[in-house]
Amino acid sequence: MTEMNETNLSTVLPGQERYVAPLDETPLKAVDSMDESAPASSMWADAWRTLRKNPLFIISGLLIIFIVFVALFPSVLTKQNPNYCTLDNSLDPASAGHPFGFDLQGCDVYSRVVYGTRTSLSVGVFATLLVVLLGTLIGAIAGFFGGWVDAVLSRLTDIFLALPILLGAIVVLQMFKTSSSIWKIILVMTLFGWTSVARIARGAVMEAKNLEFNTASTALGSTPIRNLFRHILPNSLAPIIVVGTTSLATYIVLEATLSFLGVGLPTTTVSWGGDISNAQSILRTDPMVLFYPSAALAITVLAFIMMGDAVKDALDPKSRTA
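Residues numbered from 1 in each chain as written. Predicted model: local features only at pLDDT ≥ 70, side-chain atom pairs only at ≥ 80, totals over all residues. Heavy atoms only, no water.

Draft legend 1. Just the packing of helix H4 (residues 55-72) against helix H15 (residues 288-315), in detail. For the pair H4 and H15, interaxial distance at closest approach is 8 Å and the crossing angle is 140°. On the basis of their axis angle, the class for H4 and H15 is oblique. In this structure, the crossing between H4 and H15 has a hand that is left-handed. Contact residues: H4 offers Leu56, Phe57, Ile59, Ser60, Gly61, Leu63, Ile64 and Ile67, while H15 offers Ile299, Thr300, Ala303, Phe304, Met306, Met307, Asp309 and Ala310. Residue composition of the contact of H4 with H15, by class: twelve nonpolar, three polar and one charged. (Axes fitted to C-alpha atoms, helices over the stretch in contact; angles between N-to-C directions. Helix = DSSP H or I, 4+ residues; strand = E, 2+ residues; numbered from the N terminus. Parallel < 35°, antiparallel > 145°, perpendicular 65-115°, else oblique. Left-handed = near helix turned anticlockwise from the far one by under 90°. Contact = heavy atoms within 4.5 Å. Nonpolar A, V, L, I, M, F, W, Y, C, P; charged D, E, K, R; others polar.)

Draft legend 2. Layout of unusual backbone geometry. Phi at Leu91 is positive, roughly 60°, even though this residue is not glycine. When you line up the elements, Leu91 lands in the loop between helix H5 (74-77) and helix H6 (109-145).

Draft legend 3. Seen up close, the pattern of salt bridges. Applying the stated rule across the entire model yields three salt bridges. Note that Asp150 and Arg202 form a salt bridge whose closest N and O atoms lie 2.8 Å from each other. Placement of the pair is Asp150 in helix H7 (residues 147-161) and Arg202 in helix H10 (residues 195-208), with a sequence separation of 52 residues. According to the relative accessible area criterion, Arg202 is partly exposed, its value standing at 28%. The salt bridge partner of Asp158 is Arg155, with a shortest N-O separation of 2.9 Å. A residue pair is termed a helical-turn pair when its members lie 3 or 4 positions apart in one helix, as Asp158 and Arg155 do in helix H7 at three residues. By relative accessible area, which is 48% here, Arg155 ends up partly exposed. (Salt bridge = Lys/Arg side-chain N within 4 Å of Asp/Glu carboxyl O. Buried < 20%, exposed > 50% of the residue type's maximum accessible area, 1.4 Å probe, protein only.)

Draft legend 4. The arrangement of the side chain of Asp108 in detail. Checked against the element boundaries, Asp108 lands in the loop between H5 and H6. The buried charged residue Asp108 lacks any salt bridge partner; its closest oppositely charged side chain belongs to Arg112, at an N-O distance of 9.0 Å. A distance of 3.1 Å separates a polar atom in the side chain of Asp108 from a polar atom in the side chain of His98. In this structure, Asp108 is in contact with Gln80, His98, Gly101 and Phe102, ignoring residues within four places of it in sequence. (Lys, Arg positive; Asp, Glu negative; His and termini not counted. Polar contact = N/O pair within 3.5 Å; in protein donor to acceptor, adjacent residues only side chain to side chain.)

Draft legend 5. View of the nonpolar core. If you look at the biggest cluster of nonpolar residues, it comprises 32 residues, and the most contacted ones within it are Val113, Leu121, Ile252, Leu297, Phe304 and Leu315. At the level of elements, helix H3 (43-52), H4, H6, helix H13 (237-261), helix H14 (272-279) and H15 are the ones that each hand at least two residues to this core. Sort the elements by how many residues they give to this core and H15 lands first, with 13 residues. Residues in contact with Leu121, not counting those within four places in the same chain, are Ile67, Val68, Ala71, Ile252 and Phe304. One finds Ile186, Ala198, Ile240 and Leu254 within the second-largest nonpolar core, a separate group that totals 27 residues. (Core = buried A, V, L, I, M, F, W, Y, C linked by side-chain atoms within 4.5 Å.)

Draft legend 6. How the structure looks around the environment of Asp103. Relative to the assigned elements, Asp103 resides in the loop between H5 and H6. For the pair Asp103 and Ser90, spaced 13 residues apart in sequence, the C-alpha separation works out to 5.9 Å.

What is shown is where atoms sit, not what they do.
So this is what it looks like as structure tokens:
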């Protein structure tokens, strides 16, 4: 290298001399080197590593585990039948075995709060699953095929997006008021709630289908449908998971709102929204009857919102720290 530098310097004209540093003074090899012994990593592994260090995720995760346990095993926390009500206990204060007292109908408030967890969580989980599946399917097809398929599905999305989900749910539930069940509430939420997931999925698929792995898969003979479900959708799940996590809290609140308005679940079904509605008449007499189901609803919604924020921070590369 030194001889080459001297040769170059001897052939240049005066004033055009330049200096080339020897290779041993520019250790680029060490700068660009990579530790090949390190284990392979992925986006999901990096996200999990970030979540484990996030206090927001730990707190919300513990709350959600407790809420799920209450929903699955309510009899562990209370032996009282939530539908057993007697006017002899109307508005009685808290006592042994009845820490929250009784409501106007003589129902045990504590047992109704515990058993209401199963109803609200079931509606939220199943509605979110159906919304994510339907919205992802419609958005993925629109974003992948484009053209007139994208135009038709996008206009259909705009039509449903223009309808407020609460107003649309009230209208549909009033039209089919003769049949009352938890699945009717879930299907109505799915009918009006898939649009936001569809728009997110459409944008994620449109971005992923132009990446190199899709071109390479097509060159190897893979069909478009196989590319969509085998390669593109798995690489587009991050924003969809974030929307689904935060949407779960929305559907829990929506179920409580519909039950509060009297168009949701039947009165025979234990529901936080129904209990909040029934407690309005005795708010001045015993405000704690309203407080307990409201607090349970608020804590549950807060837990899932916190979880959604933590997942969003973990799956967003811009928010990660090195």
